[in-house]
Amino acid sequence: TWEHPVIEAEIADKNVVGWLRNVPRKPWALSLPYEMGGIVMPMYPDFLVVRTDGAGLVVDILEPHSPALADSYAKARGLAKFAVKHAMHFSRIEVIRLVGKTIQRLDLMDATKRAQVLAVDSNAALDLIFGIANE
């Protein structure tokens, strides 16, 4: 239910032409690795959003993730590692939280934010970055 407000906010943008719920473990799904406890596992970012940007179509990767889940920091770090290698192919790569009715975003296209997320080793450390980014 907390993902619903995120996609509603996205599709309210008149530049959005389509979106995909990236269903985990489907053969067509976008999967990228993340590591937790020394084990590498696949993560499936929740949404791929396609927008027009004036020059053509662009794709955004949006990952709303509950901070209550134990893997929150590890998945954020995995997405940041992905952004290091593949940011040039996307318009936005974001880790997102819903706090009450407020959507909080960490922009992993921003090198400073990405470096901060790459350094996290706990959900508490990720909470601090969200707190700083959304003050």
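Look a little higher up for the structure.
Nothing here was measured: the structure is a model prediction, and the numbers come from that model.

### Re the overall build of the chain
Item 1. Check the secondary structure of the chain and you find four helices and seven strands.
Item 2. Its C-alpha atoms give the chain a radius of gyration of 14 Å, near enough to 14 Å, the size a compact globule of 135 residues would have.
Item 3. Overall, the chain is about 40 × 35 × 30 Å in size when its C-alpha atoms are taken along their principal axes.
Item 4. Expressed as a percentage of its 135 residues, the buried residues of the chain come to 40%.
Item 5. For the chain, restricting intrachain contacts to residue pairs at least 6 apart in sequence, the fraction spanning at least 24 positions comes to 53%.
Item 6. As presented, the chain carries roughly 7300 Å² of accessible surface, and 58% of it is formed by carbon and sulfur atoms.
Item 7. Within the chain, one finds 15 positive and 16 negative side-chain charges whose respective centroids are separated by 3 Å.

### A closer look at the packing of aromatic side chains
Item 1. Per the counting criterion, the structure on display carries two aromatic pairs.
Item 2. Between Trp19 and Phe47, the aromatic rings sit 5.7 Å apart at their centres with planes inclined by 75 degrees, giving edge-to-face as the arrangement. Separated by 28 residues along the polypeptide, Trp19 in strand 1 (residues 16-21) and Phe47 in strand 4 (residues 47-52) bring together distant segments of the chain.
Item 3. With a centroid separation of 5.8 Å and an interplanar angle of 50 degrees, the aromatic rings of Phe82 and Phe90 are classed as tilted.
Item 4. Across from the ring centre of Phe47, 5.8 Å away, lies the NZ or CZ of Arg21, which sits over that ring.

### Considerations on the pattern of salt bridges
Item 1. Applying the stated criterion across every chain, the model contains ten salt bridges.
Item 2. Residues participating in the shared-partner salt-bridge network are Glu10, Arg51, Asp60, Arg92, Glu94 and Arg105.

What counts, and where the lines are drawn
Residues numbered from 1 in each chain as written. Predicted model: local features only at pLDDT ≥ 70, side-chain atom pairs only at ≥ 80, totals over all residues. Heavy atoms only, no water. Helix = DSSP H or I, 4+ residues; strand = E, 2+ residues; numbered from the N terminus. Rg over C-alpha atoms; globule rule 2.2 N^0.38 Å. Buried < 20%, exposed > 50% of the residue type's maximum accessible area, 1.4 Å probe, protein only. Contact = heavy atoms within 4.5 Å. Areas by Shrake-Rupley, 256 points an atom, 1.4 Å probe, with all protein chains shown as cover. Lys, Arg positive; Asp, Glu negative; His and termini not counted. Charge placed at Lys NZ, Arg CZ, Asp CG, Glu CD. Phe/Tyr/Trp six-rings, centres within 6.5 Å; stacked < 30°, edge-to-face > 60°. Lys NZ or Arg CZ within 6 Å of the ring centre and 35° of its normal. Salt bridge = Lys/Arg side-chain N within 4 Å of Asp/Glu carboxyl O.

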